[in-house]
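This is what each chain is made of:
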Amino acid sequence: MFQYITVCALLALSFMSFAKETEEKNGNACFDFKLESYFARANQIPQLKELEYQVEIFKYAREKASQRPNPELSFQYIQGDQFGEKVISTQTQIVHTLELGGKRAARVEAAESELKLTQLQSRVQKSHLISESFIIFHKLRQIGRKKTLLAETLRSFEQIAARFKARGTRGPEEEVALSTIEMVIGGYQAQSNDLLNEENQLATQLKFLLGLDCLPLAAKDSYQPIKVQDTLLDELGASTPWPKLELASLELQSANSKYALEKSNSWPDLEIGPILQSEFESKDQFYSVGFTVTLPLPLLNVNGGGRAEAFEQVRLKEWQRQNTERLQKIEAASSSERLKRSLTIMQKLASPAEIDRQHQRAESLMARGVLSTSMSIEVHRQLIDFTDSYFETEIDILESMAEVIALYGKLEQLQQYLK
């Protein structure tokens, strides 16, 4: 019996270990952090569905704006007594409302302007979502690499500290060296903890943005340096128009449509229709036919306030469009210059591959005891600083690149600008 329980327990432990390993593998395999995988997923961002719904709402708004008023049917029945005789009177009236001043056409035009504006706003928002998620995606790839670098550094210093502690007696210089190494280990452990916190925060954001079922965590081998096409700025500079300027133009068009609608609302609505009236007195029956016309007199209200408000909105949108055009020119020049500077700096920095070679060489010298403690600490500090500088420059390139591409409305084509 005891042997049976022991075998069952071992099998259960083995299954739990296998399940944990499978879960970890599945967690890492849920997103492989390749550019192709990201861009395949980026077109399925759940928030993009919200943008599609917004566009659909405004499509039906146009249909709503084109609707005509329904005819109105009214019926009256009056019964009474006149000198002992029963009297019945009925009146049937059908009235149709005729919208004067081009109200329906103005409503339709305003709805169409809002639809075009919403469609462009959706494209701009989609571009921002792609840009935002891609920068988070690459930051996670960087963190995967830096975690490995910090882990290897910590392991090396812990081995050195263990060798110092293993010595029976230590001189003053060795005591100072050990204390220094322990402080360095504590500092790197703090950095590793901060890195894990940042990784979890970014992974949670990416999980939401890409609609993933797992928490995406990148490994060291997921990282690939960012390389930008040399012809990026030339290709973008030849493209027009700028989405923000187009957006400002559509807002002006929408304001003009609403102004036309307010002017049409200055006209009253005409109500007209036939009337059929019947009267029954004892045995006598009388029938009458006529028509009714109702037209409010524009004496007290001609929608002056509505027209004045809409006109000021037109003036505001005209001014905003002019400012947008000026701002776009300034931003295009500034973002392009920032991207050029960052690319120039990147060429002068040590590449991740070079940093890896230097790190391996330092590890080898430390293991042989050739490097002094102070030199080992300084070499690793410099290697980590170089890595941080390279990664920061990479993110600066991506952000300025995204700004430039967004200015020209080409963020959907981001993949083709990366080597």
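Computed from a predicted structure; not experimentally measured. (Residues numbered from 1 in each chain as written. Predicted model: local features only at pLDDT ≥ 70, side-chain atom pairs only at ≥ 80, totals over all residues. Heavy atoms only, no water.)

Regarding the overall build of the chain
Short version of the rule: A helix here means a DSSP run of H or I that spans at least four residues, while a strand means a run of E at least two residues long, and both kinds are numbered starting from the N terminus. Contact between two residues is taken to exist if any of their heavy atoms lie within 4.5 Å; hydrogens are not considered.
Summing up its helical and strand segments, the chain has 10 helices and 4 strands in all. Along the chain, helices (α) and strands (β) appear in the sequence α-α-α-β-β-α-α-α-α-β-β-α-α-α when read from the amino end. In the chain, the share of contacts with a sequence separation of at least 24, taken over all contacts with a separation of at least 6, comes to 80%.

Section: the nonpolar core
What counts here: We define a nonpolar core as any set of buried Ala, Val, Leu, Ile, Met, Phe, Trp, Tyr and Cys residues linked to one another through side-chain atoms lying within 4.5 Å. Only protein chains enter the accessibility calculation, which uses a 1.4 Å probe. A residue is then buried if its area is under 20% of the maximum for its type, exposed if over 50%, and partly exposed in between.
With 56 residues, the main nonpolar core has Y38, F134, F137, F157 and M401 as its most contacted residues. Within the residue set of this core, elements represented by two or more residues are α2 (35-42), α3 (46-65), α4 (103-166), α5 (172-210), α8 (304-348) and α10 (373-407). Tallying contributions element by element places α4 first for this core, with 15 residues. Apart from the residues lying within four places of it in its own chain, the contact partners of F157 are I181, V184, I185, Y188, M366, S376, I377 and H380. Within the second largest apolar cluster, 6 residues are counted, among which are W242, L245, A332 and L407.

Concerning the confidence of the model for the chain
Here is the rule: For every residue, the predictor assigns a confidence score, pLDDT, that lies between 0 and 100.
Taken as a whole, the chain shows an average pLDDT of 80; of its residues, 88% reach a score of 70 or greater. Predicted confidence in the chain is weakest over helix α1 (residues 2-29), with a mean pLDDT of 43, and strongest over strand β3 (residues 269-281), with 88. Throughout residues 4-28 the model reports pLDDT below 50, and contacts reaching past four residues in sequence, or to other chains, amount to 3 contacts.

Looking at a nonpolar patch on the surface
Heads up, the condition is: Nonpolar side chains (Val, Leu, Ile, Met, Phe, Trp, Tyr) within 5 Å and like charges within 9 Å form the patches, drawn only from residues with over 30% relative accessible area and no salt bridge. Note on areas: Shrake-Rupley with a 1.4 Å probe; residue coverage comes only from the protein chains shown. Within this document, salt bridges are pairs made up of a side-chain nitrogen of Lys or Arg and a carboxyl oxygen of Asp or Glu, the two lying within 4 Å of each other.
Taken together, L98, I272, F291 and V293 make up a surface patch of nonpolar side chains, about 370 Å² in accessible area. As for its placement among the helices and strands, V293 is situated in strand β4 (residues 284-294).

Considerations on the packing of aromatic side chains
Under the convention used in this document: Note on aromatic pairs: the rings of Phe, Tyr and Trp (six-membered ring only in Trp) are paired at centre separations within 6.5 Å, and the planes decide the class, stacked below 30 degrees, edge-to-face beyond 60, tilted for the rest.
Throughout the structure, instances matching the rule amount to 12 aromatic pairs. Of the aromatic side chains, those joined through ring pairs into one cluster are F31, F33, Y38, F39, F134 and F137.

Focus: unusual backbone geometry
One non-glycine residue with positive phi stands out, namely F33, at about 60°. Here F33 lies in the loop between α1 and α2. One non-glycine residue, N303, lies in positive phi territory at about 60°. Along the chain, N303 falls in the loop between β4 and α8. According to the relative accessible area criterion, N303 is buried, its value standing at 18%.

A short note on the pairing of strand β2 (residues 85-99)
Keep this limit in mind: When DSSP locates at least two bridges between a pair of strands, those strands are taken to pair.
Direction of pairing for strand β1 (residues 72-82) relative to β2: antiparallel, over a ladder of 11 bridges. Opposite L73, over in β2, you have I94 as the bridge partner. Strand direction decides the pairing type here: β2 and β3, joined by 11 bridges, are antiparallel. Each bridged residue has a counterpart across the sheet, and for Q93 the counterpart in β3 is I275.

Focus: the pattern of salt bridges
Under the criterion given, the structure shown has 16 salt bridges. Residue E56 is joined to K59 by a salt bridge in which the shortest nitrogen-to-oxygen separation is 3.3 Å. One end of the pair is E56 and the other is K59, both in helix α3 and 3 residues apart, which spans about a single turn. Residue K59 is classed as partly exposed on the basis of its relative accessible area, which comes to 40%. The structure contains a network of salt bridges with shared partners spanning R338, D396 and E399.

Regarding the sheet that holds β1
The test is simple: Working convention: axes come from line fits to C-alpha atoms, limited for helices to the stretch in contact. Angles between N-to-C directions cover 0 to 180 degrees.
In spatial order, the strands read β1-β2-β3-β4; together these 4 strands make up an open sheet with antiparallel pairing. Every interior strand has two partners, whereas the edge strands, β1 and β4, have only one. The sheet shows a mean angle of 15° between the axes of neighbouring strands, taken without regard to direction.

Re the side chain of T324
Inspection of the secondary structure puts T324 in helix α8. For T324, a relative accessible area of 19% corresponds to the buried category.

A look at the pairing of β4
Summarising the sheet, β3 and β4 pair through 11 bridges and their orientation is antiparallel. Residue pairing across strands places L276 opposite V289, the latter belonging to β4. Remark: 2 residues form the turn of the hairpin made by β3 and β4, two consecutive strands paired antiparallel; S282 in that turn has positive phi of roughly 55°.

Let's talk about the packing of α4 against α10
Test applied: Between 65 and 115 degrees an angle is taken as roughly perpendicular, under 35 as roughly parallel, over 145 as roughly antiparallel, and anywhere else as oblique.
Packing of α4 against α10 brings their axes to within 10 Å, and their N-to-C directions diverge by 180°. Of the possible angle classes, the one that applies to α4 and α10 is roughly antiparallel.

Notes on the packing of α3 against α4
Selection criterion: Polar here means any residue other than Ala, Val, Leu, Ile, Met, Phe, Trp, Tyr, Cys and Pro, which are nonpolar, and Asp, Glu, Lys and Arg, which are charged; Gly is therefore polar.
Between α3 and α4, the shortest axis-to-axis distance is 8 Å and the interhelical angle comes to 175°. Regarding the angle of α3 to α4, the classification is roughly antiparallel. Residue composition of the contact of α3 with α4, by class: 10 nonpolar, 6 polar and 7 charged.

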